[in-house]
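# Analysis of the macromolecular model
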Amino acid sequence: MTAGLEKACHRCISKIASNAYFIFGLLAFLALPLSMTFTGMKFLEDCPVQPLIPLYLLVGGVIGSLKVTLLLYDSTRMRQLLSKSVVIDDDDDDEYPWRQNAHKYYIHLTLSLFLFLWFILGNYWVFSVFLPNFIPPFHQPQDYCDKTLYIFAVGVLIISHTVLFLLIFCSCCIYCFSRQRYSSEED
């Protein structure tokens with residue numbers, strides 16, 4: 001039962017990750033963390049009301065770029081392995097030659113966990129000063145945040161919320177569909 005489910009999951013993941021459209025999508029998605037990095041660097045001193053907003057963009061962009069780059073590397077490696085027409089033998093110990101080794105799995109898990117926690121902190125930092133002054137007030141010159149920086153940070157968070165919602169929604173749909181299909185095959 002679980003071996004068949006594991007084989008089906010690996011087959012599905014390998015088809016998705018080795019797809020050229022998926023790789024081009026990752027390349028396009030790489031633009032977001034890179035732009036976060038550059039925006040965070042450019043406006044590092046331009047938000048005294050909440051100096052952690054540019055830091056959020058800078059660190060999130062660097063770690064996000066690293067995560068997407070590792071995903072690109074894994075996807076292209078899987079594509080190369082599948083293009084060599086690897087024959088899978090059920091009795092082989094390494095049934096899935098593209099399966100990640102444990103240290104790479106823990107690297108991806110650590111980066112994902114860090115990015116999720118950083119996302120939560122970014123929400124707090126950005127929305128704790130919702131709509132700050134965009135022009136430094138004369139009486140309190142430290143009570144402002146650059147408009148480009150703040151609007152960009154809010155846009156990044158909106159995109160992140162949307163992607164997170166879509167991932168959760170699609171995962172739930174796939175789970176429900178697979179449970180329904182599995183129960184109909186069992187009957």
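Conventions and cut-offs
Residues numbered from 1 in each chain as written. Predicted model: local features only at pLDDT ≥ 70, side-chain atom pairs only at ≥ 80, totals over all residues. Heavy atoms only, no water. Helix = DSSP H or I, 4+ residues; strand = E, 2+ residues; numbered from the N terminus. Buried < 20%, exposed > 50% of the residue type's maximum accessible area, 1.4 Å probe, protein only. Contact = heavy atoms within 4.5 Å. Areas by Shrake-Rupley, 256 points an atom, 1.4 Å probe, with all protein chains shown as cover. Axes fitted to C-alpha atoms, helices over the stretch in contact; angles between N-to-C directions. Parallel < 35°, antiparallel > 145°, perpendicular 65-115°, else oblique. Nonpolar A, V, L, I, M, F, W, Y, C, P; charged D, E, K, R; others polar. Salt bridge = Lys/Arg side-chain N within 4 Å of Asp/Glu carboxyl O. Core = buried A, V, L, I, M, F, W, Y, C linked by side-chain atoms within 4.5 Å. Disulfide = S-S within 2.5 Å. Patch = residues over 30% accessible without salt bridge, like charges linked within 9 Å, V, L, I, M, F, W, Y side chains within 5 Å. Expected span 1.5 Å × (residues − 1). pLDDT = per-residue confidence, 0-100. Phe/Tyr/Trp six-rings, centres within 6.5 Å; stacked < 30°, edge-to-face > 60°.

Helix and strand counts for the protein come out as 6 helices and 0 strands. Seen in sequence order, the protein has helices and strands lined up from the N terminus as α-α-α-α-α-α. Burial analysis of the protein (187 residues in total) assigns 30% to the buried set. Sequence separation of 24 or more characterises 72% of the internal contacts of the protein that already satisfy a separation of 6 or more. Total accessible area on the protein is roughly 12,600 Å²; 68% of this is exposed by carbon and sulfur atoms.

The next thing to look at is the packing of helix α2 (residues 20–29) against helix α3 (residues 31–42). Two elements in contact, α2 and α3, have axes separated by 5 Å at closest approach and are oriented at 10 degrees. The angle between the axes of α2 and α3 places the two elements in the roughly parallel class. Facing L27, A28 and F29 of α2, the residues of α3 in contact are A31, L32 and P33. Of the residues in the contact of α2 with α3, the class split is 6 nonpolar, no polar and no charged.

The next point concerns the pattern of salt bridges. Any two side chains of opposite charge can pair, given that their charged atoms come close. Under the counting rule described, the total for this entry stands at 1 salt bridge. Salt-bridge contacts for K104 lead to D74; the nearest nitrogen and oxygen are separated by 3.3 Å. One end of the pair, K104, is in helix α5 (residues 102–127); the other, D74, is in helix α4 (residues 52–83), and 30 residues separate them in sequence. Judged by its relative accessible area of 18%, K104 falls in the buried class.

With 19 residues, the main nonpolar core has I53, Y56, L57, V126, L149, Y150 and V156 as its most contacted residues. For this core, the secondary-structure elements that each account for two or more residues are α3, α4, α5 and α6 (147–186). When residues of this core are assigned to their parent elements, the largest contribution, 6 residues, is made by α6. Apart from the residues lying within four places of it in its own chain, the contact partners of V156 are L32, M36, Y56 and L57. Counting 5 residues, the second-largest nonpolar core is a separate cluster that includes I23, L26, L30 and V68.

In protein chemistry, a disulfide is the covalent bond that joins the sulfur atoms of two cysteines. Taken as a whole, this structure holds 1 disulfide when the rule is applied. The disulfide partner of C47 is C145, and the S-S distance across this bridge is 2.1 Å. A torsion of -115 degrees about the S-S bond marks the disulfide between C47 and C145 as left-handed. Of this pair, C47 sits in the loop between α3 and α4 while C145 sits in the loop between α5 and α6, and the two are 98 residues apart along the sequence. Here C47 falls in the buried class, since its relative accessible area comes to 1%. C176 supplies the cysteine sulfur nearest to C172, a cysteine that is in no disulfide, at a spacing of 6.4 Å.

Let us now look at a nonpolar patch on the surface. A surface patch of nonpolar side chains, amounting to about 530 Å² of accessible area, comprises L113, F116, L117, I120, L164 and I168. If you tally residues by element for the nonpolar patch, the top one is α5, at 4 residues. Mapped onto the fold, L117 is located in helix α5.

So, on to α5. Along its 26 residues, α5 runs 37 Å from first to last C-alpha, staying within 8% of the 38 Å computed at 1.5 Å per residue. For α5, the full list of buried residues reads K104, H108, L111, W118, F119, G122, N123, W125 and V126.

The next point concerns the confidence of the model for the protein. Averaged over the protein, the pLDDT score is 81; the fraction of residues at 70 or greater is 76%. Mean pLDDT per element in the protein: helix α1 (residues 2–17) is the minimum at 60, and α3 is the maximum at 95.

Taken as a whole and judged by the stated rule, the model has 7 aromatic pairs. Arranged with centres 6.1 Å apart and planes meeting at 15 degrees, the rings of F165 and F169 form a pair that is stacked. Of this pair, F165 and F169 both sit in helix α6, separated by 4 residues, roughly a single helical turn. Look at F165 and you get exposed, because its relative accessible area is 54%. Taken together through their ring pairs, the aromatic side chains of Y56, F114, W118 and W125 make up a single cluster.

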